[in-house]
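Residues per chain are reported as follows:
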Amino acid sequence: PFWLHRLWPELPVQCLAGMANKPVAATTGEEGEEELPPFESIDFTDLHEFIETARAGGDGSDEADPVAVALKRGVQETNRVAADIDGQLERLEGESVADYVACFQSFEDLHQEIVATDAVLEKMERMLGTYQYDLSGISDEIQILQGDSQQMNMKLRNRRALQKLMNEYVSSVVVSPQLIRCICEEEINEEYLGHLTELNKKLDHVTQIDMQNLPSCAQSTPELERLRTKAVARIKEFLMQKINALKKPKTNLQIIQRNVLVRYKLFTQFLAEHHAAVADEVKLHYVTTMSAVYLKQFRTYVSCLQKLELENGPTRADTLVSDQWQTAGNPMSLLNQFGFGGKTVNIKDKGNVFALSGRNTILKELDKDPIIAHSTQNKVKYYHEQLFRSHQKKLMDKAISELRFLCDFFNTHDAPMLLHEVLRMTKQNLLDSLKEFLPGCWDSVGLLLMIRIVESCRKYMQGQQVTCLDSYFDALQQQLWPRLECVLKENTASLRKATQQGLTTPSNNTHGHLVTRRYAELAASLHALSTSESSLAEVEKPLQSMQVEARNLLETMASKIEGPEVNALVFLVNNYDLVLTIFHERQLQRSARAVFEELLSEQIQRFVESQLKRHFPELVSFVTATEPMVEGLDENSARAAGPYQGPPSSVDVPRMDQVVRSFARDWKQETDRIHQNVMTSFQNLSNGMDILRQVLMQLLLYYERLTTIINKCFPQQQAPFQSQLVTRTTILTEIKRYSRSF
C-alpha cells in the first residue's frame with residue numbers, strides 16, 4: 001500500500017500498517033503448490049473516522065472526496081510501475097541471450113560426451129547378451145551332470161545293498177572250518193556263546209521257506225544239521241554237569257544259579273528252538289535235582305530247629321481246668337500241676353500257655369531273617385510259632401529267588417508251574433511235619449499266632465506278585481483252624497465238666513480263682529490276636545461258649561462256698577473284677593468287656609444291699625415296709641389342710657423312734673465295720689474303695705428316705721425324736737473321710 005500512502009498521506013499509520021500486514025499467497029517447497037495463509041480481520045474503524053472527518057470539513061464536490069482522489073492517483077501510479085517492469089524484463093532478456101551465446105561451446109562439448117557414452121553403453125549391452133547366452137548353456141550342462149550323478153548314486157546304493165545281501169547270504173550258507181572246530185572241539189565257556197550265536201543264525205537262515213529251494217542252501221544244510229546235533233549234545237552234557245553240581249553239600253545255590261547258570265541261559269534258548277525234547281529233559285532234570293536239594297535242606301533245617309523248641313510245651317492237662325484238679329481227695333494233683341509234687345518243670349521251658357506275654361511281637365517281626373539252625377550253642381528256647389515263622393520265611397525266600405531264576409534262565413511263561421514242581425515235595429514235607437505236630441499241640445495262643453503268620457505271609461507274597469504258594473497257605477489254614485477249634489472246645493469242655501463235678505475253692509477262699517485268671521488271659525489273648533475280620537469271625541463263637549461256661553462255673557463255685565451268703569457275692573465280685581482287670585490291661589474293645597461289666601455291676605449291687613441289711617437291718621426293713629404306706633401323702637398339702645391329725649395309723653411310730661435312736665447311736669461303729677469288711681474282702685483296692693463308696697452312698701439314700709417318711713408323718717410339727725436325727729452333712733463328711741484315707 002505504498003501507492004496508497006503516496007496518494008493519501010493523511011491516512012493514519014495504524015490503518016496503513018493493518019493493510020500492509022495483509023497476507024499474500026506463497027509457494028512452498030519443490031512442488032510449487034500455492035498455500036494461502038489465513039487472513040486476519042482488518043479493523044477499519046480509524047478509516048471510517050477519517051472519512052467522516054474529511055466529509056465534515058469538505059464542500060461536497062468530487063475533488064474534495066478523499067477516496068476518489070486516492071483511486072485516481074493509484075491508477076496513474078500503477079501504469080508507471082508497469083512500464084518500469086516491462087523495461088526491466090526486456091533488459092534481462094537481452095542479457096540472458098548473450099549468456100547463452102557465450103556458453104554455446106560448452107553445450108556442444110556436453111552433447112559430444114553424451115553421444116560417446118551412449119556408444120560405450122551399447123557395446124556393454126552386446127557383451128552382457130553374449131555372457132547370458134553362455135550361462136544358459138552352462139546351466140544345461142549342469143542339469144545333465146546332476147542327472148548322471150543321481151543315476152550313479154542309485155547304482156552305488158543298489159550294488160552296496162546287493163553286496164550286503166550277498167555277504168549275509170554267503171555267511172549264512174558257508175560253514176567255515178573254524179566254526180566246525182569251535183563247535184565240536186573248543187571248551188564251552190563265554191566265547192563258545194558267540195560261536196553258538198553264529199550257528200543259530202545259520203540255522204535260522206537255511207530253515208526259511210525261500211531258502212530251502214536254493215542249491216547252495218541244500219548243500220550246506222546237512223553240515224549245519226550235524227553241527228546242530230553236536231552242539232545240542234555238548235550243551236546238554238554241560239548243563240547236566242552244572243545242575244548236578246547243585247547237589248554237593250554246603251553249596252550256595254544262589255551263587256551257582258546267578259554266577260554260572262544264568263550266564264549260559266542262551267543254551268536253554270538254543271535247545272528250546274532246535275531240540276525241544278532235550279530242552280524238556282534239561283528242565284525235568286533241574287526240577288528233579290532242585291526238588292531233592294530243597295527237600296533235604298528243609299528236612300535238616302526243621303530237625304535242627306526242633307532242638308530249639310521249648311522242652312515242656314502245653315499238654316492236654318494244660319486246659320483251663322485240668323483233670324488233675326477234679327480228682328477228689330488228691331491234694332498232690334495241684335502240686336504236681338505247678339511242679340511241686342514230682343519232676344520240677346522250669347518255667348522258661350514251659351512258657352506261657354494262656355497269656356500273650358509279648359508273644360504277639362512276632363507279628364511285627366515277620367520280615368526278620370529266619371532263625372539260624374546252628375545257634376543251639378546259645379541255649380535260647382523258642383515257642384513253636386517262632387520256629388513256624390522261620391519255616392515260612394525261609395520257604396518264601398526260596399520261592400521268590402527260585403521263581404526269578406526260572407524266569408531268567410529258562411525264559412519261559414510256565415515258570416510258576418516249574419516252581420510248583422520244584423517246591424512240591426518241600427511244601428508237602430512242611431505240611432506233614434505240621435500235621436504230625438498238631439495232635440499234641442494244646443497251645444491255643446500259639447495256634448492263633450500261626451494262623452495270623454500264615455495270613456501275613458500270604459499278603460507278603462501277593463505284594464511280591466508270587467502266587468504259587470497260595471495253595472500251600474490254604475492247606476496250612478485247613479490244618480490250623482480245625483485244631484484251634486478243637487483246643488478251644490476242650491477248654492470249654494473242661495469248664496463245663498468242672499461245673500458238673502462241682503469244683504470248689506480251697507478253704508472257702510473268696511479271692512480270684514486260678515481258673516478265672518486262666519480264662520481271662522486266654523480270652524484276652526484271643527481277642528487281641530483276632531484283629532482281622534476272618535480271625536474274629538472264626539474265634540467269636542468259641543469265645544462266647546467259653547464265656548458262658550466260665551460264668552456258670554463261677555456261679556457254681558460261689559454256691560459251694562460255706563458261710564454267709566455274702567462270701568459268694570465277694571467271690572463273684574473278685575473274679576469278675578479279675579477278668580475285667582486283665583481285659584483292661586490288654587486294652588480290649590468295649591464289646592469284649594460288656595458282659596462282665598454288667599455282671600460285676602449286678603453283683604456289686606447285691607453286695608451293697610447285703611451289707612446294709614447286715615449292719616443296718618432295722619433301717620432297711622423299716623424304710624422298705626413304711627414307704628408304701630406314706631407314698632400317697634403330700635407334705636405341703638398336709639401342712640395347709642388344717643388341724644394336725646397325727647401320723648397315719650398304719651405307721652409304727654415307736655419303731656420309727658427306735659430306728660432313729662439306734663442309727664444315731666451305732667452308725668459310726670457300723671460304718672467302720674463295713675469299711676474293714678470291704679477292705680479285707682476285695683483284692684483290688686481300687687475296686688474295694690469304689691464298692692465302699694457305693695455302700696455308704698446307698699446308706700445315705702436309705703437315711704434320706706427315712707427322713708422323708710418322718711417329714712410326711714409330722715408335717716406341721718417336729719417329731720419327738722427330731723433331735724436324734726443325724727444330719728446329711730455329717731454323713732457326707734464321714735464318707736469323705738474314708739475316701740481321703742486311701
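Residues numbered from 1 in each chain as written. Predicted model: local features only at pLDDT ≥ 70, side-chain atom pairs only at ≥ 80, totals over all residues. Heavy atoms only, no water.

## Overview of the overall build of the chain
Here is step 1 of the chain: Along the chain, the regular secondary structure elements total 26 helices and 2 strands.
Here is step 2 of the chain: For the chain, the share of sequence-separated contacts (at least 6 apart) that also reach a separation of at least 24 residues comes to 79%.
Here is step 3 of the chain: Entry remark: accessible area of the chain is about 43900 Å², with carbon and sulfur atoms responsible for 53%. (Helix = DSSP H or I, 4+ residues; strand = E, 2+ residues; numbered from the N terminus. Contact = heavy atoms within 4.5 Å. Areas by Shrake-Rupley, 256 points an atom, 1.4 Å probe, with all protein chains shown as cover.)

## Overview of the environment of Leu261
Here is step 1 of the chain: Mapped onto the secondary structure, Leu261 falls in helix α9 (residues 253-261).
Here is step 2 of the chain: The buried category is assigned to Leu261, whose relative accessible area is 1%.
Here is step 3 of the chain: The spacing of Leu261 and Asp408 is 147 residues in sequence and 9.9 Å in space, taken between C-alpha atoms.
Here is step 4 of the chain: Apart from the residues within four sequence positions on either side, Leu261 is in contact with Lys242, Leu246, Ile256, Phe405 and Phe409. (Buried < 20%, exposed > 50% of the residue type's maximum accessible area, 1.4 Å probe, protein only.)

## Brief notes about the packing of aromatic side chains
Here is step 1 of the chain: The final tally for this structure, using the stated rule, is 18 aromatic pairs.
Here is step 2 of the chain: Ring geometry for Tyr519 against Phe596: centres 5.9 Å apart, planes inclined by 45°, an arrangement best described as tilted. Placement of the pair is Tyr519 in helix α18 (residues 514-529) and Phe596 in helix α21 (residues 590-615), with a sequence separation of 77 residues.
Here is step 3 of the chain: With a relative accessible area of 4%, Tyr519 lands in the buried category.
Here is step 4 of the chain: For the ring pair Phe663 and Tyr703, a centre distance of 4.3 Å and an interplane angle of 25° mean the geometry is stacked. (Phe/Tyr/Trp six-rings, centres within 6.5 Å; stacked < 30°, edge-to-face > 60°.)

## Some remarks on the packing of helix α22 (residues 617-626) against helix α24 (residues 653-681)
Here is step 1 of the chain: Packing of α22 against α24 leaves a shortest axis separation of 9 Å and a crossing angle of 145°. Crossing handedness for the pair α22 and α24: left-handed. Contacts from Glu618, Leu619, Ser621 and Phe622 of α22 reach α24 at Arg655, Met656, Gln658, Val659, Ser662 and Phe663.
Here is step 2 of the chain: In terms of residue class, the contact of α22 with α24 is built from 5 nonpolar, 3 polar and 2 charged. (Axes fitted to C-alpha atoms, helices over the stretch in contact; angles between N-to-C directions. Left-handed = near helix turned anticlockwise from the far one by under 90°. Nonpolar A, V, L, I, M, F, W, Y, C, P; charged D, E, K, R; others polar.)

## A few points about the packing of helix α16 (residues 444-463) against α18
Here is step 1 of the chain: Contact pair α16 / α18: the axes reach a minimum separation of 10 Å and the direction vectors enclose 0°. Considering the angle they form, α16 stands roughly parallel to α18. Every residue of α18 that contacts α16 at Ser444, Val445, Leu448, Leu449 and Arg452 is listed here: Leu522, Ser525, Leu526 and Leu529.
Here is step 2 of the chain: The residue inventory of the contact of α16 with α18, partitioned by class, reads 6 nonpolar, 2 polar and 1 charged. (Parallel < 35°, antiparallel > 145°, perpendicular 65-115°, else oblique.)

## Re the environment of Val302
Here is step 1 of the chain: Position of Val302 relative to the elements: it lies in helix α11 (residues 276-306).
Here is step 2 of the chain: In sequence terms Val302 and Leu387 are 85 residues apart; their C-alpha atoms lie 8.3 Å from each other.
Here is step 3 of the chain: With near-sequence residues (within four places) excluded, Val302 lies in contact with His391 and Leu430.

## Re a nonpolar patch on the surface
Here is step 1 of the chain: Nonpolar side chains collect at one region of the surface, where Val97, Tyr100, Val101, Phe107, Leu110 and Ile114 lie side by side and expose about 610 Å² of accessible area between them.
Here is step 2 of the chain: Mapped onto the nonpolar patch, the elements with two or more residues apiece are α4 (66-102) and α5 (104-173).
Here is step 3 of the chain: Locating Phe107 in the fold gives a position in helix α5. (Patch = residues over 30% accessible without salt bridge, like charges linked within 9 Å, V, L, I, M, F, W, Y side chains within 5 Å. Salt bridge = Lys/Arg side-chain N within 4 Å of Asp/Glu carboxyl O.)

## Let's talk about helix α25 (residues 685-713)
Here is step 1 of the chain: With 29 residues, α25 ought to run about 42 Å at 1.5 Å a step, and its terminal C-alpha atoms sit 42 Å apart, in line with that.
Here is step 2 of the chain: Between a side-chain oxygen at the N-terminus of α25 and the backbone nitrogen of Ser686 the separation is 3.1 Å; the capping residue is Asn684. (Expected span 1.5 Å × (residues − 1). Polar contact = N/O pair within 3.5 Å; in protein donor to acceptor, adjacent residues only side chain to side chain.)

## Digging into the pattern of salt bridges
Here is step 1 of the chain: What the rule picks out here adds up to 31 salt bridges.
Here is step 2 of the chain: The closest approach of N and O atoms between Lys265 and Asp408, which form a salt bridge, is 3.1 Å. Within this pair, whereas Lys265 is found in helix α10 (residues 265-274), its partner Asp408 is found in helix α14 (residues 384-409), the two being separated by 143 residues in sequence.
Here is step 3 of the chain: What makes Asp408 partly exposed here is its relative accessible area of 25%.
Here is step 4 of the chain: Between Arg593 and Glu597 there is a salt bridge, and its shortest N-O distance comes to 3.3 Å.

## Brief notes about unusual backbone geometry
Here is step 1 of the chain: Even without being a glycine, Ser357 presents a positive backbone phi close to 50°.
Here is step 2 of the chain: By the secondary structure assignment, Ser357 is in the loop between α13 (347-350) and α14.

## Description of the confidence of the model for the chain
Here is step 1 of the chain: Mean pLDDT over the chain stands at 80; residues scoring 70 or higher make up 79%.
Here is step 2 of the chain: Of the regions scoring below 50 in pLDDT, residues 1-34 engages in 45 contacts with residues more than four places distant in sequence or in other chains.
Here is step 3 of the chain: Here residues 327-349 scores under 50 on pLDDT; set against residues more than four positions off or in separate chains, the count is 25 contacts. (pLDDT = per-residue confidence, 0-100.)

## Some thoughts on α18
Here is step 1 of the chain: In this model, α18 (16 residues) spans 22 Å end to end at C-alpha, consistent with the 22 Å of a helix rising 1.5 Å per residue.
Here is step 2 of the chain: The buried fraction of α18 is high, at 12 of 16 residues.
Here is step 3 of the chain: Taken together, the buried positions of α18 are occupied by Val515, Thr516, Arg518, Tyr519, Ala520, Glu521, Leu522, Ala523, Ala524, Ser525, Leu526 and Leu529.

## Thoughts on the state of the cysteines
Here is step 1 of the chain: Using the criterion set out here, one finds 0 disulfides in the structure.
Here is step 2 of the chain: Of the cysteine sulfurs around Cys468, a residue in no disulfide, the closest is that of Cys407, at 9.8 Å.
Here is step 3 of the chain: By relative accessible area, which is 15% here, Cys468 ends up buried. (Disulfide = S-S within 2.5 Å.)

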